[in-house]
Amino acid sequence: MRTEQENLAASLCHLFNILPLWGLLTAGAIWFQLREESRRVVLHAQQAMIFNVMGLALVLIWLLVGLLAKVVKYVSLPLGQGLVLVNNGILLVLGAAYVIICLMGFARCLGGQSFHYPLIKVER
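Residues numbered from 1 in each chain as written. Predicted model: local features only at pLDDT ≥ 70, side-chain atom pairs only at ≥ 80, totals over all residues. Heavy atoms only, no water.

Trainee: Outline the environment of L79, supporting the account with residue identities and numerical values.
Mentor: Relative to the helices and strands, L79 resides in helix 4 (residues 77-110). Judged by its relative accessible area of 55%, L79 is exposed. In this structure the C-alpha to C-alpha distance between L79 and S38, which are 41 residues apart in sequence, comes to 52 Å. (Helix = DSSP H or I, 4+ residues; strand = E, 2+ residues; numbered from the N terminus. Buried < 20%, exposed > 50% of the residue type's maximum accessible area, 1.4 Å probe, protein only.)

Shown next, in the form of structure tokens:
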């Protein structure tokens, strides 16, 4: 596989990773198609899939805290509303960071540079 094709495939793993679940499916398809041809693309696809699962876990936590906030609203309306605001604010900040990290991975891989997601260690 040529270097330009590897760069494109690896960068697409990171670009589509912006979309929850669809990024996981896209990176999995790229990994499956190129698993015998390019170890570099497999590494990036695995990283993208793990990072996507981490993003989905954050959304799940956001949903659970949102449900908790609805229960808290019955006990104390101001406390429940405050919890909703904090929960949404945290998701907004983490979501923006998630998108920026994915775009950085896309740009770096497209340029042929190395890229590793934070908190993820995939062995070569």
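Picking up after the structure, the text goes on.
Trainee: How would you explain helix 2 (residues 22-34) if you had to name every residue and give the values?
Mentor: Taking 1.5 Å per residue as the helical rise, helix 2 with its 13 residues ought to reach 18 Å, and the 18 Å between its terminal C-alpha atoms agrees with that figure. All buried positions along helix 2 are accounted for by G23, A27, G28, I30 and L34. Mapping the buried residues of helix 2 onto a view down its axis gives an arc of 165 degrees, with all of them on the same face. Looking at helix 2, the residues exposed on the side facing more than 90 degrees away from the buried face are W22 and Q33. Buried positions along helix 2 lie against helix 1 (3-16) and helix 3 (39-75). (Expected span 1.5 Å × (residues − 1). Arc of directions from axis to C-beta. Contact = heavy atoms within 4.5 Å.)

Trainee: Give a description of the packing of helix 2 against helix 3 that names residues and reports values.
Mentor: Helix-helix packing is characterised by the crossing angle of the two axes and by the distance between the axes. Between helix 2 and helix 3, the least distance of the axes is 9 Å, while the angle of their chain directions is 160 degrees. Here helix 3 runs roughly antiparallel to helix 2, going by the angle between their axes. Both helix 2 and helix 3 take part in a crossing whose hand is left-handed. Judged by residue contacts, G23, L24, A27, G28, I30, W31 and L34 of helix 2 engage V41, V42, A45, Q46, A48, M49, N52 and V53 from helix 3. Classifying every residue of the contact of helix 2 with helix 3 gives eleven nonpolar, four polar and no charged. (Axes fitted to C-alpha atoms, helices over the stretch in contact; angles between N-to-C directions. Parallel < 35°, antiparallel > 145°, perpendicular 65-115°, else oblique. Left-handed = near helix turned anticlockwise from the far one by under 90°. Nonpolar A, V, L, I, M, F, W, Y, C, P; charged D, E, K, R; others polar.)

Trainee: Go over the packing of aromatic side chains with me, naming the residues and quoting the values.
Mentor: In this description, an aromatic ring pair is defined by two values, namely the gap between the centres and the angle between the planes. Summed over all chains, the structure comprises three aromatic pairs. Each ring, one from F51 and one from Y98, has its centre 4.8 Å from the other, and the planes form 5 degrees; the classification is stacked. Placement of F51 in helix 3 and of Y98 in helix 4 is noted, with a sequence separation of 47 residues between them. For the pair shown, F51 and Y98 are each scored as buried. (Phe/Tyr/Trp six-rings, centres within 6.5 Å; stacked < 30°, edge-to-face > 60°.)

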